Amino acid sequence: MSDATQRDDVEFGANEWLIEELYDKYLQDPASVDPHWQEFFRDYDVDDAPVTEATPPSTAQNPTVATK
């Protein structure tokens, strides 16, 4: 299985922000990230990265106010 295929199977979920930060760091200086991440990002293509849709935060329409 190719790296691209493996990456398509991966869902970063809540850790997507971490991957983005590491990738930015890698782009600035590849030696600044762990060798495992260097290998991962070597052929990483942002356009092929899994896209996750963020769930909007829940907002209370009519918050309950405590009364005394």
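For clarity, every value in this text was computed on a predicted model and none was experimentally measured. (Residues numbered from 1 in each chain as written. Predicted model: local features only at pLDDT ≥ 70, side-chain atom pairs only at ≥ 80, totals over all residues. Heavy atoms only, no water.)

Colleague: So, the overall build of the chain: which residues are in play, and what are the values?
Modeller: The helix and strand inventory of the chain stands at three helices and zero strands. In sequence order, the secondary structure elements of the chain are arranged as α-α-α. Residues classed as buried in the chain amount to 16% of the 68 residues present. The long-range fraction of contacts in the chain, counting pairs at least 24 apart against all pairs at least 6 apart in sequence, stands at 47%. In the structure as shown, the chain presents an accessible area of about 5,900 Å², 50% of it carried by carbon and sulfur atoms. (Helix = DSSP H or I, 4+ residues; strand = E, 2+ residues; numbered from the N terminus. Buried < 20%, exposed > 50% of the residue type's maximum accessible area, 1.4 Å probe, protein only. Contact = heavy atoms within 4.5 Å. Areas by Shrake-Rupley, 256 points an atom, 1.4 Å probe, with all protein chains shown as cover.)

Colleague: Kindly report on the packing of helix α2 (residues 16-28) against helix α3 (residues 35-42), identifying the contributing residues and their values.
Modeller: Contact pair α2 / α3: the axes reach a minimum separation of 11 Å and the direction vectors enclose 85°. One finds that α2 runs roughly perpendicular with respect to α3. Contacts between α2 and α3 pair Ile19, Leu22, Tyr23 and Tyr26 from the former with Trp37, Gln38, Phe41 and Arg42 from the latter. Of the residues assigned to the contact of α2 with α3, the class counts are six nonpolar, one polar and one charged. (Axes fitted to C-alpha atoms, helices over the stretch in contact; angles between N-to-C directions. Parallel < 35°, antiparallel > 145°, perpendicular 65-115°, else oblique. Nonpolar A, V, L, I, M, F, W, Y, C, P; charged D, E, K, R; others polar.)

Colleague: Outline the packing of aromatic side chains, listing residues and values.
Modeller: Taken as a whole and assessed by the stated rule, the structure comprises 10 aromatic pairs. With a centroid separation of 6.4 Å and 15° between ring planes, the pair formed by Tyr23 and Tyr26 is classed as stacked. Of this pair, Tyr23 and Tyr26 both sit in helix α2, separated by three residues, roughly a single helical turn. With respect to burial, Tyr23 and Tyr26 carry one shared label: buried. On the basis of an interplanar angle of 65° and a centroid distance of 4.8 Å, the ring pair of Tyr23 and Tyr44 is categorised as edge-to-face. Within this pair, whereas Tyr23 is found in helix α2, its partner Tyr44 is found in the segment after α3, the two being separated by 21 residues in sequence. Each member of the pair, Tyr23 as well as Tyr44, is classed as buried. (Phe/Tyr/Trp six-rings, centres within 6.5 Å; stacked < 30°, edge-to-face > 60°.)

None of this, on its own, says anything about what the molecule does.
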